[in-house]
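# Architecture and fold: a report
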Amino acid sequence: MLVNKKYIYESMNSSFTFPKGQIANIKGRCMSLKGDDIDTDRIIPARYLKCVSFESLGSQVFADDRYQGNGSHPFDLDKNQGSTILIVNRNFGCGSSREHAPQALMRWGIRSIIGESFAEIFFGNCLALGIPCAIGSSELIKEIQDLIEFDNSEEFIFDLKKEQLFNAKTNWDIKFQSGVQEMFLTGQWDATSTLIKNSSKLNDLMAHLPYLQNFNPVKLN
Amino acid sequence: MSTGTLYDKVWDLHRVAELPGGSTQMFIGLHLIHEVTSPQAFAALKDMQLSVRCPERTIATVDHIVPTLSQKRPFLDPLAEEMLSTLESNCTKHQINFYGLNSGQQGIVHVIAPELGLTQPGMTVACGDSHTSTHGAFGAIAFGIGTSQVRDVLASQSLAMNKLKVRRIWVDGILNKGVYAKDLILYLIKSMGVKGGVGYAYEFAGPAINALNMEERMTICNMSIEGGARCGYVNPDSITYNYLKGRPYAPKGQAWDRAIEWWGKLSTDSMATFDDEIKFNASKISPTVTWGITPGQGIGIDEVIPILESIPVCERSIAEEAYTYMNLKPGQPIAGVPIDVCFIGSCTNGRLSDLRDAAMIAKNQKVAKGVKAFVVPGSEQVSKAAKNEGLDELFLSAGFEWREPGCSMCLAMNPDRLTGRQISASSSNRNFKGRQGSATGRTLLMSPAMVAAAAITGEVTDVRNLLDVSE
Ligand code: SF4
């Protein structure tokens, strides 16, 4: 198996928590990953799919690219460890629908992705996990990538409401797809929690569903 | 927008709430789980400190990773063993009914739920497996879901969904001798395309569909997903009720009478409207075989592999990919293509009637030299029933192997696999590149009787020729 132990880090984020509830901003350092059409097979190679939990995926993110990079891959560079905001280019996350890809990124520590564009299913999977993906023009993305590749020691705030990535010195405008911004700000991106909230309505429905009531007469609307 | 169809009625019955963002929260009446897509979902529940909302509406079995030669525990593959034991402990912990190996009821999830009478008309059925569409044969609305949705159903017994459009597929006529349900669905997929059903639920109707038994209807609905439709269904009728009656989870006594009355009302109204309607004629269909790398690349047994110019422009690049991968030439007849491996089984065609159809061809014959042929019953119950009829002996004396139940060579998650460039005649549902376990392995999809015919002759063969002989 193509795994170079030396360059496989455990999750860098020791206080590892999953995204939860309303997400208004993401704080942290940015890291750049350059290239168009980076597919889910590169993000997490297929052989890691036969597993019983997503837990170990964080250390396997970009496993093959990192092996080939021999320490020079962005996910291996010391300066990038602990970054939470990933800056990418065009059509990021194309390929299969595997949820393992955003899971791997999230478990490595990524909390938000900003790029030129995203593959649709990948975008949806990120939404389901609470990872906001936002879009900037190619000039803007290049500017951010150049800056953070030079020096990424500074913390940024990605403000979902203002649609801005900023710190004391700099300020960039980025965009959300319509509807998505509201889902993060209100916490409705989390389908499970939203569904659980309607528990009493669900009980009502079950009480009237013929096949749960031994087919005793119930009016069919 | 469709009105008055079974799909519309079941949708309305299961609507819990409208959700912000435009989707609808739907109650799930039956949640089937297995070892491959459930472990991460259970882990997520634990992370979120949630429990299973309706363990009594959740049913588990093990199918994808089980070996079919020896099912002795622990399995030789430690990863397979870990997947099974994880499922076992999750089921114990959450008090979920688990039909495990040697329970007498274990098998492919889409085979056992109908056998047990779990799948019933008017239900919503979800499972982390795309062939969940199988259960639509009973007039249920059944669809496959991803792992994060498995988590949602475990936690809330419901899903956020968007309503599909409904297309009625009306099939006139009757299937000719030697032409099976599998040929019909391969023909439909070839005609409408593998993406033709995206955004639709398929309602299968018409004289040819009404004439099918339940196992044949399951074969049709099973492959709806291969035509892009997330679910497909047949309206329930007396054939459905006769199949269900007396099964362990079927209603009993007076409840049975009430159930039939209710089920009857769920059927699509005569005045129903559809978003789309397409008509076919079953009597025009020949035994159908795929020659390429998608289930839509099918042709009649008497046809040649289509030349590029005869293929719609948008499908030409995948056709070219298929010629190369399959090493088959445009213009070449499909009949006569030599076969290495013959597989009879899967959730499409691993039921008793499938084994009987194949047995009729294998009877008093011998598997051709150099061909590996094996039969994998879809469940322990299918296996038992087949043995009672002596089908195992019949296959064994013809030179087939007889295996223990499981998904087997339908996909590459257990020891049954193609090796190298081997080409298989397979009664399963997917012929994608590498699907049967070898990155260069090739798959020809066909009916179980056609697979048996290929096993006997060592090449793709029109089963109708052998049927005439055996009479
Ligand atoms: S038999 Fe094949 S298609 Fe059916 S559930 Fe098993 S792996 Fe999936």
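Basis of the calculations
Residues numbered from 1 in each chain as written. Chains lettered and ligands numbered in written order. Predicted model: local features only at pLDDT ≥ 70, side-chain atom pairs only at ≥ 80, totals over all residues. Heavy atoms only, no water. Helix = DSSP H or I, 4+ residues; strand = E, 2+ residues; numbered from the N terminus. Buried < 20%, exposed > 50% of the residue type's maximum accessible area, 1.4 Å probe, protein only. Contact = heavy atoms within 4.5 Å. Areas by Shrake-Rupley, 256 points an atom, 1.4 Å probe, with all protein chains shown as cover. Lys, Arg positive; Asp, Glu negative; His and termini not counted. Charge placed at Lys NZ, Arg CZ, Asp CG, Glu CD. Axes fitted to C-alpha atoms, helices over the stretch in contact; angles between N-to-C directions. Nonpolar A, V, L, I, M, F, W, Y, C, P; charged D, E, K, R; others polar. Expected span 1.5 Å × (residues − 1). Polar contact = N/O pair within 3.5 Å; in protein donor to acceptor, adjacent residues only side chain to side chain. Phe/Tyr/Trp six-rings, centres within 6.5 Å; stacked < 30°, edge-to-face > 60°. Near = heavy atom within 4 Å. Domains from an automatic or database assignment. Salt bridge = Lys/Arg side-chain N within 4 Å of Asp/Glu carboxyl O. Buried area = accessible area lost by both parts, 1.4 Å probe. Pairing = 2+ DSSP bridges. pLDDT = per-residue confidence, 0-100.

## Here's the deal with the overall build of chain A
Within chain A, the secondary structure is distributed over 9 helices and 8 strands. Its C-alpha atoms give chain A principal-axis dimensions of about 70 × 45 × 30 Å. Expressed as a percentage of its 221 residues, the buried residues of chain A come to 52%. Partitioning the intrachain contacts of chain A with sequence separation of at least 6 by distance along the chain shows that 73% fall at a separation of at least 24. When the accessible surface of chain A is totalled, it reaches about 10,300 Å², and 50% of it is carbon and sulfur. Between the centroid of the 23 positive side chains of chain A and the centroid of its 26 negative side chains there is a distance of 5 Å.

## Some points on the packing of helix α1 (residues 6–13) of chain B against helix α10 (residues 253–266) of chain B
Residue and element names in this part refer to chain B. Running from N to C, α1 and α10 cross one another at 115°; their axes reach a closest spacing of 9 Å. Contacts between α1 and α10 involve Leu6, Lys9 and Leu13 on the former and, on the latter, Trp262, Lys265 and Leu266. Of the residues that constitute the contact of α1 with α10, the class distribution is 4 nonpolar, no polar and 2 charged.

## Quick look at helix α3 (residues 78–94) of chain B
Residue and element names in this part refer to chain B. Counted at 1.5 Å a residue, the expected span for α3 with its 17 residues is 24 Å, and the 24 Å between its end C-alpha atoms agrees. Where α3 is concerned, the buried positions are Ala80, Glu81, Met83, Leu84, Thr86, Leu87, Asn90, Cys91 and His94. Looking at the buried residues of α3, the elements they touch are β3 (30–33), α2 (39–47), β4 (58–61) and β5 (97–99). One side-chain oxygen at the N-terminal end of α3 lies 2.9 Å from the backbone nitrogen of Leu79; it belongs to Asp77. Where α3 ends, the next residue or the one after it, Gln95, has phi of about 55°, a positive value.

## Some remarks on the packing of aromatic side chains
Summed over the entire model, instances satisfying the criterion amount to 21 aromatic pairs over all chains. Ring geometry for Phe75 of chain A versus Trp108 of chain A: centroids 4.6 Å apart, planes at 70°, classification edge-to-face. Of the two residues, Phe75 of chain A sits in the loop between α3 (63–69) and β3 (85–87) while Trp108 of chain A sits in helix α4 (residues 100–108), which places them 33 residues apart along the sequence. Exposure class is identical for Phe75 of chain A and Trp108 of chain A. Each is buried. For the pair Phe343 of chain B and Phe374 of chain B, a centre-to-centre distance of 5.4 Å together with 40° between the ring planes defines the contact as tilted.

## A look at the site of the ligand
All names here are of chain B. Neighbouring residues of the ligand: His64, Ile108, His110, Asp129, His131, Ser346, Cys347, Cys407, Cys410, Leu411, Asn429 and Arg435. Class assignment for the residues of the shell around the ligand results in 5 nonpolar, 5 polar and 2 charged. Two domains each donate at least three residues to the shell around the ligand, and these are domain 1 (8–161) and domain 3 (288–470).

## Focus: the pattern of salt bridges
When their charged atoms lie close together, side chains carrying opposite charge are able to pair. In the structure shown here, the tally under the stated rule is 29 salt bridges over all chains. Its salt-bridge partner being Asp12 of chain B, residue Arg15 of chain B comes within 3.3 Å of it at the nearest N-O pair. Given the relative accessible area of 39%, Arg15 of chain B is considered partly exposed. In this structure, Arg464 of chain B engages Asp462 of chain B in a salt bridge whose closest nitrogen and oxygen atoms are separated by 2.9 Å. Through salt bridges that share partners, Lys34, Lys142, Asp146 and Glu149 of chain A make up one connected network.

## Overview of the interface of chain B and chain A
One frequent convention defines the size of an interface as the accessible area lost when the parts assemble. In this assembly, 46 residues from chain B lie in contact with 34 residues from chain A. For the chain B and chain A pair, buried surface summed over both sides reaches about 3,500 Å², with 66% attributable to carbon and sulfur atoms. Where chain B touches chain A, the interface holds 0 salt bridges. Joining chain B to chain A, the criterion identifies 12 residue pairs in polar contact (both at pLDDT 80 or more). Residue assignment for the side of chain B that touches chain A shows that the elements contributing at least two residues are β1 (15–18), β2 (24–27), α2, α3, α5 (147–156), β8 (158–161) and α10 of chain B. In terms of residues, the side of chain B that touches chain A owes the most to one element, α10 of chain B, which gives 7 residues. Its residues assigned to classes, the side of chain B that touches chain A shows 23 nonpolar, 13 polar and 10 charged.

## A look at the pairing of strand β6 (residues 156–159) of chain A
Residue and element names in this part refer to chain A. As paired strands, strand β1 (residues 25–28) and β6 are joined by 4 bridges and run antiparallel to one another. The residue of β6 that forms the bridge with Asn25 is Asp159. As defined by bridge partners, β6 adjoins strand β7 (residues 164–166) across 3 bridges and the pair is classed as antiparallel. Paired with Phe158 across the bridge in β7 is Leu165.

## Structural notes on the sheet that holds β6 of chain A
All names here are of chain A. If you trace the 4 strands from one edge of the open sheet to the other, you get β1-β6-β7-β8, paired in antiparallel fashion. Across the chains shown, the open sheet's two edge strands, defined by having one partner strand only, are β1 and β8 (171–173). With direction set aside, neighbouring strand axes in the sheet form an average angle of 15°. Along the sheet, helix α6 (residues 138–150) makes contact with β6, β7 and β8, crossing β8 at roughly 150°.

## Remarks on the confidence of the model for chain A
Averaged over chain A, the pLDDT score is 87; the fraction of residues at 70 or greater is 90%. Here residues 1–15 of chain A scores under 50 on pLDDT; set against residues more than four positions off or in separate chains, the count is 29 contacts.

## A look at the side chain of Asp65 of chain A
With respect to the secondary-structure elements, Asp65 of chain A resides in helix α3. For Asp65 of chain A, a relative accessible area of 18% gives the class buried.

## Remarks on the confidence of the model for chain B
On average, residues of chain B score 96 in pLDDT, and 99% of them reach the 70 mark or higher. Taken together, the chains of this predicted complex give a pTM of 0.88 and an interface ipTM of 0.93.

## Focus on the side chain of Thr61 of chain B
Residue and element names in this part refer to chain B. Assignment of secondary structure puts Thr61 in strand β4. Within polar-contact distance, the side chain of Thr61 engages the backbone oxygen of Tyr99 at 2.8 Å. Of note is the side chain of Thr61, whose polar atom sits 3.4 Å from the backbone oxygen of Gly107. Setting aside residues up to four positions removed in sequence, Thr61 forms contacts with Ile33, His34, Glu35, Leu87, Phe98, Tyr99, Gln106, Gly107, Val109 and Ile112.

## A word on the sheet that holds strand β10 (residues 200–205) of chain B
All names here are of chain B. With parallel pairing, 4 strands are arranged side by side in an open sheet as β11-β10-β9-β12. The outermost strands of the open sheet, each flanked by one partner alone, are β11 (231–234) and β12 (276–281). Along the sheet, successive strands turn relative to each other by an average axial angle of 20°, direction set aside. Examined bridge by bridge, strand β9 (residues 165–172) and β12 share 6 bridges and lie parallel to one another. Across the sheet, residue Asp172 finds its bridge partner in β12, namely Asn281. The strands that α1 touches are β9, β10 and β11; relative to β11, the one it contacts most, it runs at about 110°. Helix α6 (residues 181–192) rests against β9, β10 and β12 of the sheet, and its axis sits at about 130° to β12.

## Description of the domain arrangement of chain B
Residues and elements named next belong to chain B. For chain B, the assigned domains read domain 1 (8–161), domain 2 (165–243 + 264–284) and domain 3 (288–470). One C-alpha centre belongs to domain 2, the other to domain 3; they are set 23 Å apart. Taken over both partners, the interface formed by domain 2 and domain 3 buries close to 1,900 Å², and the fraction arising from carbon and sulfur atoms is 54%. Summed over the shared surface of domain 2 and domain 3, the result is 2 salt bridges. A salt bridge links Glu303 to Lys190; the shortest N-O distance between them is 3.9 Å.

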